[in-house]
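Tertiary structure, described
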Amino acid sequence: MKRISFKYHHFLWRFMGDLGLQDFFGNYAHKEGVFVERKALQSNYLPDSLPHREEQITQIANILAPSLRRGRPSNVFIYGKTGTGKTHTTNHVVHNLVVAAKEHKVPIKSIYVNCKLKRLADTEYRLVAQLIRECGGTIAATGLPTDEVYKAFFEIVEEQKGLVLLILDEVDQLVKKAGDEILYNLVRVNEELKHSQIVLLGISNDLVFVDTIDPRVRSSLSEEEVVFPPYNAFQLQDILRKRSELAFKKDVVQQGVVEKCAAYAAREHGDARRALELMRVSAEIAERNNHDLVKLEHIDQAEEKIERDRVVDIINAQPKQSQATLYSIMLSSKKEKRNISTGEVYDAYKSLATQAGLRPLTQRRISDILSELDMLGIISTRIISKGRYGRTSEISLAIPAPIFEKTEHLLAEGLALS
DNA sequence: CGAGATTCATGTGAAGTATACCTTTAGGCTTAA
DNA sequence: AAGCCTAAAGGTATACTTCACATGAATCTCGTA
């Protein structure tokens, strides 16, 4: 599709516009679907109420409340596994705070950055640059001294003449990659700022994360801590029901679907995001198959689709060299069913790279790429020593077989034809 | 037979290099008074 | 003379390479029972 020239595309569009498209859209609009409000199940949807998180809401609210009297609240550290509502709850509270502040004419601004997003905020420089962008400023993507970027950011903060709430989602990812100096620097800023103050709200999936950072930073970063326990199956059911009521028409969800979605997600440490996604994708599958009832079997299909999409997204986001590495793992693991060693992967990679017109990287670099892929959960590596015959990582794909086929095709296309 | 030394294939840390990009500065050119 | 553009100089972040050392259990060596 992407190879279709503009002219041809244009022609196609007009052709369809005249004959088929109107009908198509017309049918689509009148078609009986299961959704009323699809958005209500999407992961970025912010519901008005967050059930079973009342305690955390009051905790955070209490911590941040002094800001309304122009005091400086403590920095907060928020823990919890993925999908326990950390991000939503925090944003919910902060949003309400900002609204209240506006009413009372107290200057408060909030900045939200997700540190996990690759190439956006995974180094010190990029994080600060992203912070500036969030404030509406512009900054060069590279080339500036880091101090300079900090300075630019401070100036923007200073201009606010008030409180700035800095929400750093998934800080643990950032610190793991870029070190804890960033946090130290941000904390240190407060001493230099005259008219403004910064409050850090760190959100982390990693429960032991705080123990790994510099004690100086630790004491100032986690002045207050809030823990988000996982939802249990009943709470998940409750959440799912509430959202389904918003999202679906009446009586389109088969008995037991909610329970099954909740059970799946509860198995994965109570991940509500996953439960909701499962629900939404199941319904989409049902809808696409022209069913007006979301059935249990759709959930299984949905689960596979979600996993596949996740893998495909990750792979597409990878640079060419990582893709080549992954592809060579796939090729060699297909040849031999046992786990593969680093050396084998590197050999396969070298020939593949030259074949695809890439400059082969060194083994050192491939080793790093492998551990990155491991972190992404696409492969799994385990260092083993084979005694007299050296030490190596046992590498295996962490992708289920049916998804494997699709992605392999994708990689082959992306590499060989470029 | 068993304790310690060897050995292999690679993991891993540190330092160096190439590239791409940034700002500043200086010089040359144009323009307007 | 002032203003603007361009190119070189000087600087940085990032991705990668080079170098060097660390690892850890199967195997080897050699002393001992």
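Notes on the structure follow. (Residues numbered from 1 in each chain as written. Chains lettered and ligands numbered in written order. Predicted model: local features only at pLDDT ≥ 70, side-chain atom pairs only at ≥ 80, totals over all residues. Heavy atoms only, no water.)

1. Considering the protein's contact with DNA strand B
Residues in contact with DNA strand B amount to 17 residues; listed here are only the nearest, Thr342, Gly343, Arg364, Gly390 and Arg391. A distance of 2.8 Å separates a base oxygen of DNA strand B from a polar side-chain atom of Arg364. With respect to DNA strand B, the backbone of Gly387 contributes an N or O atom lying 3.4 Å from a base oxygen. Of all the secondary-structure elements, those providing two or more residues to the surface near DNA strand B are helix 16 (342-355), helix 17 (363-376) and strand 8 (391-397). Partitioned by chemical class, the residues of the surface near DNA strand B number four nonpolar, 10 polar and three charged. (Near = heavy atom within 4 Å. Polar contact = N/O pair within 3.5 Å; in protein donor to acceptor, adjacent residues only side chain to side chain. Helix = DSSP H or I, 4+ residues; strand = E, 2+ residues; numbered from the N terminus. Nonpolar A, V, L, I, M, F, W, Y, C, P; charged D, E, K, R; others polar.)

2. Considering the sheet that holds strand 6 (residues 340-341)
What the three strands build is an open sheet, ordered 6-8-7; its pairing is antiparallel. At either margin of the open sheet sits one strand with a lone partner, and together these are strand 6 and strand 7 (379-385). Sheet topology note: the strand 6/strand 8 ladder contains two bridges and is antiparallel. Within the sheet, the bridge partner assigned to Ser341 lies in strand 8 and is Glu394. Sheet contacts for helix 17: strand 7 and strand 8; angle to strand 7, the most-contacted strand, approximately 125°. (Pairing = 2+ DSSP bridges. Contact = heavy atoms within 4.5 Å. Axes fitted to C-alpha atoms, helices over the stretch in contact; angles between N-to-C directions.)

3. Thoughts on the pairing of strand 3 (residues 163-169)
The element strand 3 is largely enclosed, with a buried count of seven among its seven residues. Of the two faces of strand 3, the one lined by Leu163, Leu165, Ile167 and Asp169 and the one lined by Val164, Leu166 and Leu168 are each fully buried. Of the pairings in the sheet, the one linking strand 2 (residues 108-114) to strand 3 comprises seven bridges and is parallel in character. For Ile108, the partnering residue across the bridge sits in strand 3 and is Leu163. The pairing of strand 3 with strand 4 (residues 197-204) spans six bridges and is classified as parallel. Bridge pairing in strand 4 links Val164 to Ile198. (Buried < 20%, exposed > 50% of the residue type's maximum accessible area, 1.4 Å probe, protein only.)

4. A look at the protein's contact with DNA strand C
Around DNA strand C, the surrounding shell holds 22 residues, and the nearest of these are Thr123, Thr146, Thr362, Arg365 and Arg391. For DNA strand C, the fraction of protein-proximal atoms (within 4 Å) that sit in sugar or phosphate groups is 77%. Between Arg388 and DNA strand C, the recorded distance is 3.3 Å, taken from a backbone N or O atom to a sugar or linking oxygen. At the level of secondary structure, the elements contributing two or more residues to the surface near DNA strand C comprise helix 5 (124-134) and helix 17. The residue inventory of the surface near DNA strand C, partitioned by class, reads six nonpolar, eight polar and eight charged.

5. Brief notes about the environment of Phe228
Secondary-structure assignment places Phe228 in strand 5 (residues 224-228). Using a relative accessible area of 2% as the deciding quantity, one classes Phe228 as buried.

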